[in-house]
Amino acid sequence: MSITRIADVIQPKVFTPYVIQRTMELSALVQSGIMQHSPEFDQLASGPNTLINMPFWNDLTGDPEVMADTGETTPGELTANKDVARKQGWVKSYGANALAGHLAGDDPMRAIADLFASYWARQNQNILLSILEGVFASPGMAEKVHDISAETGDAALISGKTFIDAAQIMGDAKDLLTGVMMHSAVEAYLAKNDLIESAKDSTGNMRVNTFLGKSVIVDDGVPFDTQNSIGVAYLFGAGAIAYGNGSDPLIQQTEVVRKGLSLAGEDILVNRRLSLIHPRGVKWTEENVAGTFPDFDELEDGDNWERVYEPKAIRIVKFVFKIE
């Protein structure tokens, strides 16, 4: 009896763009606007270098001078700096024999692509969480952390009031914050205290949860100390994270490898990704990287990150608290 195999249905030129598009559609970070995708970031992620320089002008500073009928003004200096993003390279493969047989009778390519898209959407969140671990381990980001976990009683708990205090780290730019990412235990605590509001999105098909008007993204990869009930929430502004999907003609993004020497025959489905996921305003220093691309441990290394924007211009805040 013959079965449908992965190699029979996967067309790499169709599969790859579909997986990339579906990954973005399934990503709560992209849909919330926190992770901003653009053709510019795709182009940067597709470039020849692993480090991506993004120069910018520093803001104007200094007090104005008092006008008088004698003397001359002293011109200020316009200075520049640069943000640096790090290209990332990832690959994942699956033996596809049983999967293809299970999915036969449906649209195998679409089903397999959706499974891979869901996988990459989850991994992008994991990559971002590792990046945030490293970013907030760098000395320059200390003033972007609001930690009340050492307080006692209600002062240590996440609530409407303490959340507002965390947002206040942004000062008069706090209205730029539009979303918050938290562990499911924290979301459950807030829901039990009637602090989570739920509504349908614009399509009427998906439930959107909010906390004090901020979109809630739930991920159990967000740090949570079960023993001490200490949680972390990341507050984001729109476009806080740059996101790009790269490509290279020498790198086959989707490949089906037929293992002909296998007694029963086996297909391996390989998916390769060149990507850019970067917190805007915190540059990558390349201080500790062993290979061509950084791994999760290297993304979490604070020595690899350095703040280059003014604090209020970085649309990310880390909030540390208790839930009981």
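Everything numeric here is computed off the predicted structure, so don't read it as measured data.

## Digging into the overall build of the protein
Looking only at helices and strands, the protein features nine helices and 17 strands. Classification of the 324 residues of the protein by burial places 44% in the buried group. Within the protein, contacts between residues separated by at least 24 positions form 78% of all contacts whose residues are at least 6 apart in sequence. Accessible surface, the protein as shown: approximately 17,300 Å² in total, 50% of it carbon and sulfur.

## Considerations on the side chain of Thr254
Looking at the secondary structure, you find Thr254 in strand β13 (residues 254–259). Separated by 3.3 Å, the side chains of Thr254 and Asn271 make a polar contact. If we ignore the near neighbours within four places in the chain, the residues touching Thr254 are Ile10, Pro12, Phe15, Thr16, Leu269, Val270 and Asn271.

## Focus: helix α2 (residues 12–26)
Given a rise of 1.5 Å per residue, 15 residues ought to cover 21 Å, and the 21 Å separating the end C-alpha atoms of α2 matches this to within 8%. Residues of α2 that are buried: Phe15, Thr16, Val19, Ile20, Thr23 and Met24. Summarising the axial view, the buried residues of α2 lie within an arc of 160 degrees, below the 170-degree limit, and thus occupy one face.

## Digging into the nonpolar core
Tyr234, Phe236 and Ile241 are the most contacted members of the largest nonpolar core, which has 44 residues in total. Broken down by secondary-structure element, the contributors of at least two residues to this core are α2, α3 (28–32), α6 (108–135), β11 (230–237), β12 (241–246), β14 (266–279), β15 (282–284) and β17 (316–322). Ranked by the residues each element gives to this core, the list is headed by α6, at twelve residues. For Tyr234, the contacting residues outside a window of four places in its chain are Leu129, Leu132, Glu133, Phe136, Gly179, Val180, Met181, Val222, Pro223, Val317 and Lys318.

## Considerations on the pattern of salt bridges
Any two side chains of opposite charge can pair, given that their charged atoms come close. If you walk through the whole model with that rule in mind, you get seven salt bridges. One salt bridge connects Glu286 with Arg86, and the closest N-O pair in it is separated by 2.8 Å. Highlighted residues: Glu286 in the loop between β15 and α9 (296–299) and Arg86 in strand β3 (residues 80–86), separated in sequence by 200 residues. Residues joined in a network through salt bridges with shared partners are Arg22, Glu25 and Asp114.

## What about the packing of aromatic side chains?
Under the definition given, this model contains twelve aromatic pairs. Pairwise contacts between aromatic rings join Phe15, Tyr94, Phe116, Tyr119 and Trp120 into one cluster. Above the ring of Tyr94, the side-chain terminus of Lys92 is found at 5.3 Å from the ring centroid.

## Examining empty space enclosed by the protein
Summed over the entire model, instances satisfying the criterion amount to one cavity of 30 Å³ or more. What the largest cavity holds in volume is close to 30 Å³. What lines the largest cavity is simply Trp120, Asn124, Tyr243, Asn245, Arg273 and Ser275. For the lining of the largest cavity, the secondary structure elements donating two or more residues are α6, β12 and β14.

## As for helix α8 (residues 184–192)
Because each turn of an α-helix spans 3.6 residues, side chains separated by three or four positions end up pointing in the same direction. Every buried residue belonging to α8 is among Val186, Glu187, Tyr189 and Leu190, and all of these are buried. The buried residues of α8 occupy an angular sector of 160 degrees when projected down its axis, which confines them to one face. On the buried face of α8, the contacting elements are β6 (177–182), β8 (207–211), β9 (214–218), β10 (224–225), β11 and β17. Positioned one or two residues after α8, Asp194 has a phi angle of 60 degrees, which is positive.

## Some words on the environment of Phe211
Within the secondary structure, Phe211 is located in strand β8. On the basis of relative accessibility, which here comes to 0%, the residue Phe211 falls in the buried class. Spatially, the C-alpha atoms of Phe211 and Asp194 are 9.8 Å apart, while their sequence positions differ by 17 residues. Excluding residues that lie within four positions of it along the chain, Phe211 makes contacts with Ile158, Ser159, Gly160, Phe163, Leu190, Leu195, Ile196 and Val216.

The rules behind each value
- Residues numbered from 1 in each chain as written.
- Predicted model: local features only at pLDDT ≥ 70, side-chain atom pairs only at ≥ 80, totals over all residues.
- Heavy atoms only, no water.
- Helix = DSSP H or I, 4+ residues; strand = E, 2+ residues; numbered from the N terminus.
- Buried < 20%, exposed > 50% of the residue type's maximum accessible area, 1.4 Å probe, protein only.
- Contact = heavy atoms within 4.5 Å.
- Areas by Shrake-Rupley, 256 points an atom, 1.4 Å probe, with all protein chains shown as cover.
- Polar contact = N/O pair within 3.5 Å; in protein donor to acceptor, adjacent residues only side chain to side chain.
- Expected span 1.5 Å × (residues − 1).
- Arc of directions from axis to C-beta.
- Core = buried A, V, L, I, M, F, W, Y, C linked by side-chain atoms within 4.5 Å.
- Salt bridge = Lys/Arg side-chain N within 4 Å of Asp/Glu carboxyl O.
- Phe/Tyr/Trp six-rings, centres within 6.5 Å; stacked < 30°, edge-to-face > 60°.
- Lys NZ or Arg CZ within 6 Å of the ring centre and 35° of its normal.
- 1 Å grid on protein atoms, 1.4 Å probe; cavity = no way out; pocket = protein on both sides within 12 Å on 5 of 7 lines; lining within 4 Å.
- Points joined across faces, edges and corners; volume = space filled by probe spheres on them.

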